[in-house]
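The chain contents come next:
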Amino acid sequence: MNLDSKIPSGPVQDAWDKHKFDMKLVNPANKRKFKVLMVGTGLAGGSAAASLAELGYEVDAFCFQDSPRRAHSIAAQGGINAAKNYQNDGDSVWRLFYDTVKGGDFRSREANVYRLAQVSANIIDQCVAQGVPFAREYGGQLANRSFGGAQVSRTFYARGQTGQQLLLGCYAGLARQIDAGNVTMHTRKEMLDVVVVDGLARGILTRDLVTGKIERWAGDAVVLATGGYANVFHLSTNAIGCNVTAAFRAYKRGAGFANPCYTQIHPTCIPVHGEQQSKLTLMSESLRNDGRVWVPKATDETRPPGDIPEHERDYYLERKYPSFGNLSPRDIASRSAKEACDEGRGVGPGKRGVYLDFRDAIARVGEDTIRERYGNLFDMYERITDESPYKVPMRIYPAPHYTMGGLWVDYNLQSTIPGLHVIGEANFSDHGANRLGASALMQGLADGYFVLPATIGHYFATHGPDKQPVDTDHPDFARVEDDVRGRIKKLMGVNGTRSPASFHRELGRLMWDKCGMARNARGLTEALQRIPELREEFWHDVRVLGSGESLNMMLEEAGRVADFMEFAEIMCRDALTREESCGGHFREEHQTEDGEALRNDADFTHVAVWEHTGEDSTPNRHTEALDFPNVHLATRSYK
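Note that the structure is a prediction, hence the values are computed from the model and not measured.

Asker: I tried to follow the packing of aromatic side chains on my own but got confused; where do I start?
Answerer: Taken as a whole and judged by the stated rule, the model has 28 aromatic pairs. Ring geometry for Phe 248 versus Phe 567: centroids 6.4 Å apart, planes at 80 degrees, classification edge-to-face. A residue pair is termed long-range when its members are at least 10 positions apart, and Phe 248 in helix α7 (residues 245-252) and Phe 567 in helix α16 (residues 553-577) qualify at 319 residues. As far as burial versus exposure is concerned, Phe 248 and Phe 567 are alike and both buried. Among the aromatic residues, those joined into a ring-pair cluster are Tyr 229, Phe 248, Tyr 251, Phe 257 and Phe 567. Lying over the aromatic face of Tyr 315, Arg 292 brings its terminal NZ or CZ to 3.8 Å of the ring centre. Residue placement shows Arg 435 over the ring face of Tyr 402; its charged tip is 4.1 Å from the ring centre.

Asker: Mind showing me how you'd approach the nonpolar core here?
Answerer: In summary, soluble globular proteins display a tendency toward joint burial of nonpolar side chains. The biggest cluster of nonpolar side chains holds 145 residues, and the ones touching the most others in it are Met 38, Ile 80 and Met 511. Tallying contributions element by element places α16 first for this core, with twelve residues. Residues within four places of Ile 80 in sequence aside, it is in contact with Ile 123, Ile 124, Phe 134, Arg 154, Thr 155, Phe 156, Thr 162, Leu 166, Ala 438, Leu 441, Met 442 and Leu 445. Ranked by size, the runner-up nonpolar core spans 31 residues in total, among them Leu 287, Val 293, Tyr 316 and Ala 333.

Asker: What is the right way to look at the sheet that holds strand β7 (residues 200-208) in this model?
Answerer: Each strand in a sheet pairs with its neighbour through backbone hydrogen bonds, running either in the same direction (parallel) or in the opposite one (antiparallel). Reading across from one edge, β6-β7-β8 is the order of the three strands in this open sheet, with antiparallel pairing throughout. The open sheet has two edge strands with one neighbour each: β6 (189-197) and β8 (214-218). Pairs of neighbouring strands in the sheet enclose a mean axial angle of 25 degrees, with direction left out of account. As paired elements, β7 and β8 share five bridges and run antiparallel to each other. Paired with Thr 206 across the two strands is Glu 215, which belongs to β8. Against the sheet, helix α13 (residues 475-494) touches β6, β7 and β8, its axis set at about 140 degrees to β6.

Asker: It is not clear to me how the side chain of Gln 165 should be interpreted in this structure. Could you clarify?
Answerer: Following the sequence through the fold, Gln 165 ends up in helix α6 (residues 162-180). A relative accessible area of 16% places Gln 165 in the buried class. Ignoring any residue separated from it by four or fewer positions in sequence, one finds Gln 165 in contact with Val 132, Pro 133 and Ala 158.

Asker: What should I look at first to understand α16 in this one?
Answerer: In an α-helix, one turn spans 3.6 residues, which is why side chains three or four residues apart end up on the same side. The first and last C-alpha atoms of α16 sit 36 Å apart over 25 residues, in line with the 36 Å expected at 1.5 Å per residue. α16 sits mainly inside the fold: 18 of its 25 residues count as buried. One side-chain oxygen at the N-terminal end of α16 lies 3.2 Å from the backbone nitrogen of Met 554; it belongs to Asn 552.

Asker: When you look at the pattern of salt bridges in this model, what are you seeing that I'm missing?
Answerer: A side chain of one charge can pair with a side chain of the opposite charge when the charged atoms of the two come close. All chains considered together, the criterion is met by 64 salt bridges. Residue Arg 636 is joined to Asp 331 by a salt bridge in which the shortest nitrogen-to-oxygen separation is 2.3 Å. With Arg 636 in the segment after β19 (620-625) and Asp 331 in helix α9 (residues 330-342), this residue pair connects regions lying 305 residues apart in the sequence. For Asp 331, a relative accessible area of 4% translates into the label buried. For Asp 594, the salt bridge identified is with Lys 639, shortest N-O distance 2.7 Å.

Basis of the calculations
- Residues numbered from 1 in each chain as written.
- Predicted model: local features only at pLDDT ≥ 70, side-chain atom pairs only at ≥ 80, totals over all residues.
- Heavy atoms only, no water.
- Phe/Tyr/Trp six-rings, centres within 6.5 Å; stacked < 30°, edge-to-face > 60°.
- Helix = DSSP H or I, 4+ residues; strand = E, 2+ residues; numbered from the N terminus.
- Buried < 20%, exposed > 50% of the residue type's maximum accessible area, 1.4 Å probe, protein only.
- Lys NZ or Arg CZ within 6 Å of the ring centre and 35° of its normal.
- Core = buried A, V, L, I, M, F, W, Y, C linked by side-chain atoms within 4.5 Å.
- Contact = heavy atoms within 4.5 Å.
- Pairing = 2+ DSSP bridges.
- Axes fitted to C-alpha atoms, helices over the stretch in contact; angles between N-to-C directions.
- Expected span 1.5 Å × (residues − 1).
- Polar contact = N/O pair within 3.5 Å; in protein donor to acceptor, adjacent residues only side chain to side chain.
- Salt bridge = Lys/Arg side-chain N within 4 Å of Asp/Glu carboxyl O.

Dropping the structure here:
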C-alpha cells in the first residue's frame with residue numbers, strides 16, 4: 001500500500017497556494033467531459049456537488065434520505081470555527097492552526113490543518129453570501145462565541161441550529177445546479193459497493209430503498225461524503241441511519257482505513273434512559289459557555305440540586321483546569337465526567353449524569369438573554385426530560401459522537417484507490433485524536449467548497465487522457481453486482497430467530513464497555529475474542545423478514561449491522577495496537593499520575609492505516625509518519 005501524502009514542500013503557510021499553482025488544470029470546455037459520482041449530500045457532499053457542477057463537471061449525487069436537507073449535518077448545533085478575529089481577542093489563522101493541532105493531541109497532519117485554518121474565513125463569506133442567518137452583534141458585525149479547546153471567540157453560530165442553517169444554504173446552491181441540469185440527484189439510494197476498473201475507482205452499486213432495485217452507476221471519479229461510524233456503539237448522537245457501509249466496502253476494495261480507534265465522546269448529551277432506546281440526544285457544546293458543570297462532593301447525595309449549597313458542590317472542570325474551565329476540550333471534559341460518576345458522585349437515575357447549571361448565568365445576564373442564546377436547545381431538553389433548564393440544572397453524560405478516524409486520504413483528499421476521493425467526516429485527515437468543537441462543519445465545507453474542487457481537477461488532468469471509456473456493461477460492474485446480490489441473498493437466507501437490532505444493541509454494549517471512553521489491553525483482547533463469536537451468531541441466527549426486491553428497512557439495517565460487525569474488530573485491533581493515550585483514545589495503562597493522557601511520541605507519532613487482506617485474515621497495519629516542525633510536540637495541558 002502506497003501512502004504518499006503528497007504534502008507540498010516549503011513553509012506550511014505557503015503550501016496550499018503553491019500546491020494550487022503546481023496542480024494541473026482542466027479547461028472549462030473539457031470539464032463537461034467528466035462525470036463525478038458524489039455519495040452523500042450533507043455539508044461536505046452537498047457543497048462539493050454544487051461547487052463541482054458550478055465549475056462545469058457533470059455530477060450524479062446520491063443520498064439514502066428522501067432529500068439532501070435531511071442529512072445528519074443538520075444535527076450540528078453550536079457553530080462553525082473561522083479565524084476572522086472579529087472580537088479582536090488575538091485570534092489568527094496561526095492560532096486556529098495551533099489550537100487544532102494541540103486539540104488533536106499532535107496526531108494530525110500539520111499541512112492539512114493549516115490549510116483548514118487558512119480557508120476558514122472564506123467559508124464564512126461564502127455562507128453569508130448564501131443567506132445563512134448567522135447571529136450578529138448590535139452594530140451588525142457577525143457575532144462569535146467561545147467553544148471548548150480555545151481561549152478566543154471564533155465560533156460563528158445561528159442560534160442552536162447552525163448545522164441546519166448551513167445545510168440549507170448549501171442545499172440552495174445544490175438545488176440551483178439540479179435545476180440547471182448539472183447535478184442529477186438520486187434520493188433513497190444506498191451505496192453498497194465501489195467498482196474499481198484497472199486500478200481506478202470508476203463506479204458504484206446502489207440499492208433503491210423503495211423498490212429494492214440494484215443499480216450500476218459509472219463515472220470518472222467517485223467521492224465518498226458519507227459521514228462517520230459512531231453508530232458502531234449502537235447508542236450515539238448520530239442519526240439512526242448513519243453507518244460505516246460505504247467506507248467499509250471501499251476498504252474491502254483496497255482503500256486504507258486510518259486510525260479507526262479515534263472516536264470522540266461528546267461530554268454534553270442527555271443520559272441514557274432505557275434499554276430499548278435507539279439513539280442519544282446531543283446538547284450543544286455552546287451551552288458550556290454559560291452552563292457550569294458540577295456534581296455533589298458527597299457520594300450519597302439524594303437532595304434536589306437546588307437544595308445543595310455552594311460549598312457542597314464540586315465544579316470539577318473549573319477546579320482541575322482553571323485556564324479553560326468548563327470550556328476544556330471534549331475528551332478531557334468527558335473523561336472527567338466519567339471519573340466523577342465512577343467515584344459515586346453522579347446524579348439522576350443510575351447515577352450516570354452530571355449537572356450543567358445555568359443558575360449563575362441567568363442571575364448575571366437574565367433569563368431573556370439565555371433564552372435568546374439557547375432557547376431551542378432548552379426547549380428540546382424539556383420536551384425529552386420534562387424538566388426546564390431555566391429552573392433546574394440539565395443532567396448530561398458523555399456519549400459517542402464524532403469519529404476522527406476514516407479512510408486514509410492524501411493532501412488531495414484521494415484515498416489509496418486512485419479516483420476515489422473522501423471528504424468530510426468520512427476521511428481521517430484534519431482532527432488527529434480529538435476534534436475541537438465547531439470544527440466538523442468547518443472541515444466539511446472546506447473540503448467541499450475549496451479543496452476538492454481544486455484537487456479533483458488535477459486528478460482528471462493527469463488521468464483523463466489515458467483512461468479508457470467505461471460504462472456499466474464492463475465485466476467489473478457485473479462481478480461487483482454479483483457480490484452485492486450474494487450478500488443480500490445470504491442475509492435473507494439465514495432465517496434465524498433474532499432481529500438485526502438485537503445484534504446491533506449487543507455489539508454496541510460490547511464496544512462501549514471495551515472500546516469506549518477508556519480502553520485497556522484486557523478489555524480489548526476480550527472484545528477481539530467476542531466480536532468474531534458474535535459475528536458468527538449473527539450469520540447463523542439473524543432474521544430478516546420481507547423481500548430483497550422491495551421496500552425493506554430490516555434488510556437495510558441488517559446490511560449495516562453486518563458491516564459494523566466486521567469493522568468493530570478493526571477498531572479494537574487498532575486501539576490495542578496503539579500503546580499510548582492520546583485525545584479520545586485513552587488507554588488506562590498509559591496515563592500520568594494525575595490521570596491525564598500519556599502519549600508515546602517515540603513509537604506512535606504516526607497515522608495507522610489498515611489494509612484489507614481478505615476475508616477472515618488479519619489486516620496489514622501500515623504507518624504514515626507525522627512531523628511537527630511548526631507546532632512542536634509538547635505535553636498537552638489545559639490547566
